[in-house]
Amino acid sequence: MPKAKTKSGTPAASSDLASRGGCSWNGLDDKGVKGSQYRWLDVSFYRYDSDAVLGSGQERAQENLAKELAKVQETPGAKKLKTVTANGIGDEAKTVTYQLRKTDEDFQYTSVLVRTGNVLVLLSYNGAGYAGAETPSEKTITNGAGTAVKEAVAAVAAANK
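Figured I'd write up the structure that's included with this text. (Residues numbered from 1 in each chain as written. Predicted model: local features only at pLDDT ≥ 70, side-chain atom pairs only at ≥ 80, totals over all residues. Heavy atoms only, no water.)

The next point concerns the pattern of salt bridges. Here the idea is simple: oppositely charged side chains can pair when their charged atoms come close. Taken as a whole and judged by the stated rule, the model has six salt bridges. With a shortest N-O distance of 3.6 Å, Asp 91 and Arg 115 are connected by a salt bridge. With a gap of 24 residues between them, Asp 91 in the loop between strand 4 (79-85) and strand 5 (92-102) and Arg 115 in strand 6 (residues 105-116) connect regions that are remote in the sequence. A residue is classified by how much of its surface remains accessible, and Arg 115, at 9% relative accessible area, is buried. Salt-bridge contacts for Asp 106 lead to Arg 101; the nearest nitrogen and oxygen are separated by 2.9 Å. Residue Asp 106 is classed as partly exposed on the basis of its relative accessible area of 38%. The network of salt bridges with common partners includes Asp 91, Glu 92 and Arg 115. (Salt bridge = Lys/Arg side-chain N within 4 Å of Asp/Glu carboxyl O. Helix = DSSP H or I, 4+ residues; strand = E, 2+ residues; numbered from the N terminus. Buried < 20%, exposed > 50% of the residue type's maximum accessible area, 1.4 Å probe, protein only.)

Structure follows, in structure tokens:
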């Protein structure tokens with residue numbers, strides 16, 4: 001995350017911190033007339049309890065992973081959208097990459113959706129080049145997202161010990 005505005009991030013609003021929470025960071029590495037690199041990272045956590053009517057927490061997390069994946073795949077204006085299985089992260093994981101043009105700039109996005117037990121981790125990382133700087137590559141953004149999601153999933157494991 002280049003030049004994050006707030007190192008500890010901005011907490012997401014939640015009416016129930018025992019079930020859901022998150023945080024986001026953004027930053028701009030400003031190089032003036034030589035261009036700038038912008039990044040945005042957002043991580044959300046959702047914990048599902050078992051319920052006699054709704055099913056086990058793991059089943060509920062699995063169902064919601066499918067719903068959230070469909071939302072990402074339906075991003076309006078997304079180009080070059082690809083979805084792949086992400087191996088070695090949690091019990092189930094999908095990575096979605098795409099490009100999106102907004103604010104007259106080209107952005108590269110990677111979203112990683114992970115189920116680890118009864119917890120769903122949703123991570124979105126994106127970046128753009130401003131003032132003549134190149135848009136970051138898919139590989140750069142995907143690698144950054146991969147590092148961050150592994151830390152997020154490890155935090156879930158540590159919290160469950």
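A few words now on unusual backbone geometry. Phi is positive for Thr 103, which is not a glycine, with a value near 45°. Here Thr 103 lies in the loop between strand 5 and strand 6. Of note, the phi angle at Ala 131 is positive, near 55°, even though the residue is not glycine. As for its placement among the helices and strands, Ala 131 is situated in the loop between strand 7 (119-130) and helix 2 (138-159). With a relative accessible area of 53%, Ala 131 lands in the exposed category.

Here we come to the packing of aromatic side chains. As enumerated under the stated definition, the model contains five aromatic pairs in all. Taken together, a centroid distance of 6.2 Å and an interplanar angle of 80° make the contact between Tyr 38 and Phe 107 edge-to-face. Pair noted here: Tyr 38 is in strand 3 (residues 36-47) and Phe 107 is in strand 6, with a separation of 69 residues, a long-range link. Accessibility assignment for this pair places Tyr 38 and Phe 107 in one class, buried. Each ring, one from Tyr 98 and one from Tyr 109, has its centre 4.8 Å from the other, and the planes form 5°; the classification is stacked. (Phe/Tyr/Trp six-rings, centres within 6.5 Å; stacked < 30°, edge-to-face > 60°.)

With that out of the way, let us pick up the pairing of strand 3. Taken together, the eleven bridges between strand 2 (residues 20-30) and strand 3 define a ladder with antiparallel strand orientation. By the bridge assignment for strand 3, Trp 25 is matched with Leu 41. Note that strand 3 and strand 7 share twelve bridges and pair antiparallel. Its bridge partner being in strand 7, Tyr 46 is matched across the sheet by Leu 120. (Pairing = 2+ DSSP bridges.)

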